[in-house]
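Results of the structural survey
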2 protein chains.
Amino acid sequence: MLDLTSVGIVIPKSVHFDKPLHLKSGAVLDSYDLMYETYGELNETKSNSVLICHALSSNHHVAGYYADDPKSIGWWDNMIGPGKPIDTRKFFVVGVNNLGGCHGSTGPASINAKTGKLYGAGFPMVTVQDWVAAQVQLANHLGIKQFAAIAGGSLGGMQALQWTLDFPDRVQHALVIAAASKLTAQNIAFNDVARQAIITDPDFYGGDYCSHDAVPRRGLRLARMLGHITYLSDHSMAEKFGRELRNGPLGFGFDVEFEIESYLRYQGDKFADQFDANTYLLMTKALDYFDPAHDSKGDLREAFSAAQADFLVLSFTTDWRFSPERSRAIVKALLDNELNVSYAEITSSYGHDSFLMEDRYYHELVRAYMNNIII
Amino acid sequence: MLDLTSVGIVIPKSVHFDKPLHLKSGAVLDSYDLMYETYGELNETKSNSVLICHALSSNHHVAGYYADDPKSIGWWDNMIGPGKPIDTRKFFVVGVNNLGGCHGSTGPASINAKTGKLYGAGFPMVTVQDWVAAQVQLANHLGIKQFAAIAGGSLGGMQALQWTLDFPDRVQHALVIAAASKLTAQNIAFNDVARQAIITDPDFYGGDYCSHDAVPRRGLRLARMLGHITYLSDHSMAEKFGRELRNGPLGFGFDVEFEIESYLRYQGDKFADQFDANTYLLMTKALDYFDPAHDSKGDLREAFSAAQADFLVLSFTTDWRFSPERSRAIVKALLDNELNVSYAEITSSYGHDSFLMEDRYYHELVRAYMNNIII
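Residues numbered from 1 in each chain as written. Chains lettered and ligands numbered in written order. Predicted model: local features only at pLDDT ≥ 70, side-chain atom pairs only at ≥ 80, totals over all residues. Heavy atoms only, no water.

Describing helix α1 (residues 128-141) of chain A
Residues and elements named next belong to chain A. As a reminder of what qualifies: Think of it this way: any DSSP run of H or I at least four residues long counts as a helix, any run of E at least two long counts as a strand, and we number them from the N terminus. Expected helix span is taken as 1.5 Å per residue step, with the number of steps being one fewer than the number of residues. Only protein chains enter the area calculation, which uses a 1.4 Å probe; residues under 20% of their type maximum are buried, those over 50% are exposed, and those in between are partly exposed.
For α1, spanning 14 residues, the distance from its first C-alpha to its last is 20 Å, which sits close to the expected 20 Å at 1.5 Å a residue. Of all 14 residues that make up α1, 10 are buried, and the element is covered over most of its length. Along α1, the residues that are buried comprise Val128, Asp130, Trp131, Val132, Ala134, Gln135, Val136, Gln137, Leu138 and Ala139.

What to know about the interface of chain A and chain B
Quick note on the threshold: In this analysis, two residues are considered to be in contact whenever any of their non-hydrogen atoms come within 4.5 Å of each other. Here the quantity called buried area is the total loss of accessible area, with a 1.4 Å probe, experienced by two parts when brought into contact, counted for both. Within this document, salt bridges are pairs made up of a side-chain nitrogen of Lys or Arg and a carboxyl oxygen of Asp or Glu, the two lying within 4 Å of each other. Counted as a polar contact is a pair of N or O atoms within 3.5 Å, where, for protein atoms, one must be capable of donating a hydrogen and the other of accepting one, and residues adjacent in sequence contribute only when both atoms are in side chains.
Contact with chain A, which involves 52 residues of that partner, is made by 52 residues of chain B. Buried area between chain A and chain B, both sides added, is near 4,500 Å², and the carbon and sulfur share of it is 68%. When the buried area of chain A at its contact with chain B is split by residue, Arg243, Phe252 and Phe254 of chain A rank highest and sum to 17% of it. Close ionic contact of aspartate 192 of chain B with arginine 265 of chain A constitutes a salt bridge, the shortest N to O distance being 2.8 Å. At the junction of chain A and chain B, the tally comes to 22 residue pairs in polar contact (both at pLDDT 80 or more). Counting only elements with at least two residues in the side of chain A that touches chain B, the list comes to α3 (185-199), α4 (217-231), α5 (234-240), α6 (259-274) and α7 (277-289) of chain A.

A look at the pattern of salt bridges
Following the criterion strictly, the structure yields 34 salt bridges over all chains and no others. When salt bridges that share partners are traced, they join Asp192, Arg195 and Asp288 of chain A together with Glu261 and Arg265 of chain B into one network.

Section: the sheet that holds strand β8 (residues 92-96) of chain B
Residue and element names in this part refer to chain B. Applicable threshold: Between any two strands, at least two bridges found by DSSP are needed for them to pair. Fitted lines through C-alpha atoms give the axes, limited to the stretch in contact for helices. The angle between two N-to-C directions lies from 0 to 180 degrees.
What the eight strands build is an open sheet, ordered β1-β4-β8-β5-β11-β12-β13-β14; its pairing is mixed. The sheet terminates laterally at β1 (13-17) and β14 (341-346), the two strands that pair on one side only. The mean inter-strand angle of the sheet, taken between neighbouring strand axes irrespective of direction, is 20°. Two elements, strand β13 (residues 310-316) and β14, share six bridges in a ladder whose sense is parallel.

Remember, this is a structural readout, not a statement about activity or role.
Written out as structure tokens, the structure reads:
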């Protein structure tokens, strides 16, 4: 049956930029491609566009599905579409794959035009600021001077926040969901274990695995298993899996015994089959580096003084990766700057992953906020 | 300078048992050795002995140091000694390395007398109940009919608890510290990621790494790095490491950048040099399997109905591996059985590792409890 709230069949597009991009690391990308998708129609005054920024492992495919695969549903399809919280009857929505990604935008698995070879481990480190700088080029390409809203969860929320600091006149509203103003030592620790799993995999070959016809599957699998634990809450894992055994009595062996083991190993295997290891490394480093208050010695108020946008900040009660406490710190600093901030702590049992879930209160809040935007 | 509160130079002993041990898995150990140490003197009535059960990666060396290495201080030396909370002027303290261990007790790195070869991966799975059954043999060997107290933190606390269920007339007091009555799905998940890191290390050779002259260092290192994150609290990591950089400005590379990365990698490397991979696998499975309420369908009250001991249960506010909530559930079930229970939730910023730390209130509580024991 036709889903009238889906944006339907979508077609990814690619755009090439020849203007060099000067990265925070000091490296320069002479040219690069960005993959993106759009949903809805840009209005005449070009005032109705919404940019969606993706988190660690996702991409430009935010809503709808591809003609050749009805199951290829975008990662935030429950949020975006006709009649959905971010309503494509009102808004022109843009999804983009970030630089360093592995889904079409220039990244480690792309050919370096200078050398004619794969970038591989030679792809430069990218930061949230670099991503925003590249997204600005996409906005220019689409003729968008100002986004009505920029939204994202987790690392995506960090990009929305960064936009308001680097390009305050180009973003009217920022939706910063399940994010933090910087990673804690514990966050960095989890990322580093994941990276070490990949880097010490003998099939990693110093990042040059492609030319060895290898894939560091073991490392990617472990990284994903570990990541997954931090995306879920203790509570949601207990509810979903408890101590359920997969096959009757205890086996007293190292095969899967508990349901949670089966689930995690499956998630790990699936991820290892489809995600690029160098990209995973880059994305986790971008997370580690994000710290807009670094230059103001940790003073968030000063760090956010450039912002002019209105904000919707949302956190989830069981999110222990980026806990509500972290969102409250963002809200406080925004309020200290006398900005217009809406904030809600949403009761949800799904941990960090809550931002991807179809929680009624969560969606109604986003809907109300988006409906209220004047375009 | 002479430390008058140290038990001083200690000498580990080994005892051989020929009586077969029937394990929960159905396997039988025809004979086995246990390594142990003792501190203080057994009194004439043999009523003053205290058994210390170790956690995941430690062993029988609980207090004092070895003559050839003054730095080889036991893992709970701050708790045990003349004048310390578990006072060796009053108590005869016994430390034991559990079956499956890698510090002298029979385990994967021991020779299987039947085959004349290393057990390796062929060493049978052991449970907390099996450990207790072996510890009973050690008690018999030492002529101890009843322990004045059995104490342990984490997995060690689980053994203390198991003693009160399996041998209620042989334990007067149980000190169950930073423990839980069973693992949650999240706990099991962390263990399984650690196990998968070891098992998928190409140097693991299905557990037969010794005969390949290999050590699955990568896997052990990752397992330890991950474990370490769960032993510390978010708060203690933030306090100790924050986002401090190791070497000035950001390096935009995958070498150590943040202090926390340096610390974790160091801990991982050190562990990989000294711990046996098969033992690590066995210990984490023993944790997963521990669930005394399994036969009573989760009813802890029923599960604990056999217990007769008095209890001191302690938890630490920032322990997120086995949170105070988990200890409270134990306390409630013990109280439901009208047992004599003392309980305290100790404010500490050190997470699960708090049980190893020298916190004043914590130590004074243990001291008071131990002083009060009539021998």
